[in-house]
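So the chains spell out like this:
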Amino acid sequence: MSLFDSEDFAEHEQVVFCRDGCSGLSAIIAIHDTTLGPAVGGCRMRRYAFEDDAIRDALRLSRAMTYKNAMAELPLGGGKSVILGDPSSDKSEALLRAFGRCVDALGGRYVVAEDMGIGVRDIEIVARETRHVAGVSNRGGAGGDPSPFTAQGVLIGMRVAVEHRLGRSALDGLRVAVQGVGAVGAHLCRLLHEENAELIVADRNPAAAAAAVAAFGARAVHPEDLLAEEMDVFAPCALGGVLDDAATCALRASIVAGAANNQLAQPKHGDRLAERGVLFVPDYVINAGGMLNVAAELAGDYEPDAVMESIAAIAERLRGILREADAKGVAPFRIADARVREKLDAARLGRSAPDAECGTR
Ligand code: NAD
């Protein structure tokens, strides 16, 4: 099957395959949609079993960025990049600089920030080759590491979901299972610990789980055993696609609210959760905190208090989606998706289209 026919190809504007023989770089940059502005999204570095998995990740993640940025009312489009390789052994300055040159060649159509396997220091190296970066450091008007802001937004979303689904105004005493205690997951654990939630954590990296046990009194379980735990809230903060056939049957939670992008393996899994009475909070609605921080940096008027205010607005946005979902009797992610599509269609209509037939694609 060709790339254009794959189910993950959702009218992406541009997909760039990058190679640099000297540094060993193999990367894919996917620009999904620039209707609302330049495509912004993180770079993920991962060892993929098959190249098709990397392409799929880039396509799905870049589309998710379009939805996230539009939902957060940002003047930004959606893009994402993946570097194929093990971040612990394959990453080098030469590789990151080669990647920076690939980003630069796109002339600002794509702006890169951090994601799994790529941290602030890596982006600072990328920035030696291109100015189209965000989240470089927290000096001189830059926003720094987006992950604490992402965690803050997820916490806000979780509070709203708990109020809506469980009728409780606070998280204290609730059992929250955090899958993945990396950059975002660890910050989320800290915030939940401050709210006296009971924490269960699982991470493929035993040291990361052990750190959450030591710092936040969490109970660590093996990653494969996490879904069998009794919990009030499941917070996926590792990879996407975790809500698949098996997980949607096994899950023993009232709410799913986490940071991971593309948590639903397929839309049908969101419907299945709704049928089972599990409130799945659309990931891109509540994991936009880091992006809001990045957007403030890009706008050139970085002001931490204003960023926190924009993250606080996630609460009202989510309440509106949950109310509409209840009124229509559909899963909240269906409402969120429809709102984004309407927004994009309206923006496309507002643009002068050289070919009237393509103006409302
Ligand atoms: P990270 O790489 O810092 O952390 C991910 C953690 O998940 C790692 O500790 C890893 O060992 C663990 N992990 C991987 N597979 C696992 C599994 N099967 N079970 C349990 N643990 C597993 O990444 P991050 O920046 O914290 O991002 C986490 C997720 O949130 C990703 O899906 C990312 O795309 C998404 N996200 C991140 C941000 C951000 O600001 N960093 C913003 C929005 C969305």
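Residues numbered from 1 in each chain as written. Predicted model: local features only at pLDDT ≥ 70, side-chain atom pairs only at ≥ 80, totals over all residues. Heavy atoms only, no water.

Peer 1: How should I be thinking about the packing of aromatic side chains in this particular structure?
Peer 2: Think of a pair of aromatic rings as described by two things: how far the centres are apart, and how the planes are tilted against each other in angle. Taken as a whole and judged by the stated rule, the model has two aromatic pairs. Judged by centre distance (5.2 Å) and plane angle (80 degrees), the ring pair of F4 and F9 falls under edge-to-face. (Phe/Tyr/Trp six-rings, centres within 6.5 Å; stacked < 30°, edge-to-face > 60°.)

Peer 1: Got a minute to help me understand the site of the ligand in this structure?
Peer 2: Around the ligand, 23 residues are found, and the nearest of them are T150, V184, D203, A238 and N261. Side-chain polar atom of R44 to an oxygen atom of the ligand: 2.9 Å apart, as the coordinates give it. The separation between an oxygen atom of the ligand and a polar main-chain atom of V184 is 2.8 Å. Taken by itself the ligand offers 830 Å² of open surface, and the protein chains cover 85% of this. Only α4 (147-166) and α5 (183-194) provide two or more residues apiece to the shell around the ligand. Within the shell around the ligand, the residues separate by chemical class into 10 nonpolar, eight polar and five charged. When we break the shell around the ligand down by domain, the ones giving at least three residues each are domain 1 (3-63 + 77-126) and domain 2 (147-287 + 316-341). (Near = heavy atom within 4 Å. Polar contact = N/O pair within 3.5 Å; in protein donor to acceptor, adjacent residues only side chain to side chain. Areas by Shrake-Rupley, 256 points an atom, 1.4 Å probe, with all protein chains shown as cover. Helix = DSSP H or I, 4+ residues; strand = E, 2+ residues; numbered from the N terminus. Nonpolar A, V, L, I, M, F, W, Y, C, P; charged D, E, K, R; others polar. Domains from an automatic or database assignment.)

Peer 1: Where do I start with the packing of α4 against helix α11 (residues 304-328) in this structure?
Peer 2: The geometry of a pair of packed helices is captured by two quantities: the angle between their axes and the separation between those axes. Running from N to C, α4 and α11 point in directions that differ by 35 degrees, and their axes come no closer than 9 Å. For α4 against α11, the interelement crossing comes out right-handed. Here F149, Q152, G153, I156, G157, V160, E163 and H164 of α4 lie close against α11, whose contacting residues are V307, M308, I311, A312, I314, A315, L318, R319, L322 and D326. In the contact of α4 with α11, the residues fall into 11 nonpolar, four polar and three charged. (Axes fitted to C-alpha atoms, helices over the stretch in contact; angles between N-to-C directions. Left-handed = near helix turned anticlockwise from the far one by under 90°. Contact = heavy atoms within 4.5 Å.)

Peer 1: Whenever I open this one, the environment of A312 confuses me. Can you help?
Peer 2: Turning to its location among the elements, A312 is positioned in helix α11. Here A312 falls in the partly exposed class, since its relative accessible area comes to 42%. (Buried < 20%, exposed > 50% of the residue type's maximum accessible area, 1.4 Å probe, protein only.)

Peer 1: When you look at the sheet that holds strand β1 (residues 14-20) in this model, what are you seeing that I'm missing?
Peer 2: Read across the sheet, five strands follow the order β1-β2-β4-β3-β5 without closing on themselves; strand pairing throughout is mixed. Both edges of this open sheet fall to β1 and β5 (110-114), since each of them pairs with a single strand only. The mean inter-strand angle of the sheet, taken between neighbouring strand axes irrespective of direction, is 25 degrees. Pairing between strand β2 (residues 25-33) and strand β4 (residues 77-84): six bridges, direction antiparallel. Paired with I29 across the bridge in β4 is S81. Packing against the sheet, helix α1 (residues 51-71) makes contact with β1, β2, β3 (39-46) and β4, and its axis sits at approximately 155 degrees to β4. (Pairing = 2+ DSSP bridges.)

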